[in-house]
Amino acid sequence: MTLSREESSPPLRWKFSQVFGERCPGEEVQDIDIVSAIEFDKTGDYLAVGDRGGRVVIFERKDGKHTPRPSVYRNVLERFDSTVTQQPEYRYKTEFQSHEPEIKEQKVKKVQNMDPNQVVSSENSLLAERSFMSGQDKRSVGNGLHLEWTENMNADTEDAVHTRCRKVYGHAHDFNINSISINSDGETFMSADDLRVNLWNLGIGDQCFNIINIKPPNMEDLTEIITSAEFHPIHCNLLAYGSSRGFIRLVDLRQSALCDHSARILQDGESRGSKSFFTEIIASISDIKFSRDGQHILSRDYMNLKLWDVRSGSSPIAVFKIHEHVQPKLCDLYNNDSIFDKFECCISGDGLHFATGSYSDVLRIFSHGIGSEEGITIQAGRNPKRPSQQAPPRARRSSLSNLTRGFYWQAHQNSSLCNEEISCDSKLSRLAWHPTTNLIACASTNSLFLYYV
């Protein structure tokens, strides 16, 4: 796919579909209940949601499953922009405890084309693979407000299911994993932390190959960390990873066994100008996504959403401004630690529409074409005018990324930023786009929202 003016698409008209676990204003949310990952499977019939408590919840589409055969998949994409004739409906399917609650972060990815049964892979300092299939269900212990998602399970679920742990990929990372990506060959996947990227065989849990290692001999010489990584959707030898310096590196596994230096760099030429104390912090890439055809990469840093052509890396072909309005308040954002917040991005199956999140539970959606810079803004929730709540001061994060800066300022106990204009405590940071339909799943704290066209 080549993006052009002829292929530009008008903005889509989004409608609210569903919400799971919507909180009331002022209601306290436990840290283990905060959603940390969202992912559709390749058909879009299943939606996996992970939380900080280590639990994975599976939802199943009930309004008419859409599982296109490879022979008709091109026709499905050609009809991608058509409106959905029926409001999509997802219902609770099953859940399982992937990690212990003391492990703070996890992500969820759907393993594709591996088994007739559905398979889910989740991540942290170790990786675990689980499958769910028809049979008697054994429900895990509910985590606070997430119990609301499952209280009507008996009434809504036709087929009871149970889960089992199929494989654990153990202890190959010294830091929390920030990315996992399934290869298009259906046999391997990679896992990435701040300093390393490892390549695994899905059938072997006790051995992996280190393909990227940016750890310097002296940690005081550390200048950047890996923030996100993903395999090319078509070519199994290609992958991309983003860094805290705002670089995207394209790697070909055929060039070298260790790919630290054999990479092509995508970098925004405009970012090489004058710099301030905050320049490197806000340039850090929090997420990257390939388009379905692999010709483009969508990236998100703190300020912008950028679209890149992988064939020319001198500058992005489109830049969508997300946080331009907070530019004068970067000092306050730093003092209350909000400047280190990470936001994900997603891209539609036809590659013409892009989405990301922001503060105040705002979802931003853009379409490629003339006049698309402003995009669409949706405040997640049934009542978009609900008042934002004042958040207590957040503790300073202690992470490896602090080493790349070498210094920081003392945070104030109170900040003037979290006010009626910007609610730092409510942010929409996790989201996923349905693979064949204009349907977006997004999360703010413990709440899951679905929007469709």
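One can find the structure itself at the top, above this paragraph.
Structure report, in brief.

So, how was this worked out
Residues numbered from 1 in each chain as written. Predicted model: local features only at pLDDT ≥ 70, side-chain atom pairs only at ≥ 80, totals over all residues. Heavy atoms only, no water. Helix = DSSP H or I, 4+ residues; strand = E, 2+ residues; numbered from the N terminus. Contact = heavy atoms within 4.5 Å. Core = buried A, V, L, I, M, F, W, Y, C linked by side-chain atoms within 4.5 Å. Buried < 20%, exposed > 50% of the residue type's maximum accessible area, 1.4 Å probe, protein only. Pairing = 2+ DSSP bridges. Axes fitted to C-alpha atoms, helices over the stretch in contact; angles between N-to-C directions. Phe/Tyr/Trp six-rings, centres within 6.5 Å; stacked < 30°, edge-to-face > 60°. Lys NZ or Arg CZ within 6 Å of the ring centre and 35° of its normal.

### A short note on the overall build of the chain
Scanning the chain from N- to C-terminus turns up 4 helices and 28 strands. Across the chain, contacts joining residues at least 24 apart in sequence account for 63% of those joining residues at least 6 apart.

### Here's the deal with the nonpolar core
Membership of the largest hydrophobic core comes to 18 residues, with the highest contact counts inside it found for Trp14, Ala355, Leu363, Ile365 and Tyr451. Ranked by the residues each element gives to this core, the list is headed by strand S26 (residues 428–433), at 3 residues. Setting aside anything within four residues of it in sequence, one finds tryptophan 14 in contact with Ile365, Ile376, Ile378, Trp433, Asn438, Leu439, Ile440, Tyr451, Tyr452 and Val453. With 17 residues, the next largest nonpolar core counts Phe20, Phe59, Tyr90 and Tyr452 among its residues.

### Brief notes about the sheet that holds strand S4 (residues 55–61)
In space, the 4 strands of this open sheet follow the order S2-S3-S4-S5, with antiparallel pairing throughout. Edge positions in the sheet fall to strand S2 (35–40) and strand S5 (90–97), since each has one partner strand and no second. Adjacent strand axes in the sheet meet at a mean angle of 20 degrees when their direction is disregarded. Here 7 bridges tie S4 to S5, and the two strands are oriented antiparallel to one another.

### Details of the environment of serine 312
Within the secondary structure, serine 312 is located in the loop between strand S20 (304–309) and strand S21 (318–321). Along the sequence, serine 312 and arginine 264 sit 48 residues apart, while their C-alpha atoms lie 9.9 Å from each other. Once residues lying within four places of it in the same chain are set aside, the contact partners of serine 312 are Arg264 and Leu266.

### Section: the packing of aromatic side chains
Using the criterion set out here, one finds 15 aromatic pairs in the structure. Ring plane angle 5 degrees and centroid distance 6.0 Å describe the contact between phenylalanine 189 and tryptophan 200, whose orientation is recorded as stacked. Taken together, the residues span a long stretch of sequence, with phenylalanine 189 in strand S11 (residues 188–192) and tryptophan 200 in strand S12 (residues 196–201) at a distance of 11 residues. Using a relative accessible area of 2% as the deciding quantity, one classes tryptophan 200 as buried. Connected via pairs of aromatic rings, a cluster forms that spans Phe277, Phe278, Tyr334 and Phe340. It is lysine 15 that lies over the ring of tyrosine 452; its NZ or CZ is 5.0 Å from the centre.

### Here we look at the sheet that holds strand S15 (residues 238–243)
Overall, antiparallel pairing links the 4 strands, which are arranged S14-S15-S16-S17 in an open sheet. The open sheet is flanked by strand S14 (226–231) and strand S17 (263–266), the only strands paired with a single partner. Pairs of neighbouring strands in the sheet enclose a mean axial angle of 20 degrees, with direction left out of account. Judged from the 5 bridges that link them, S15 and strand S16 (residues 248–252) form a sheet pairing that is antiparallel. For leucine 238, the partnering residue across the bridge sits in S16 and is aspartate 252.

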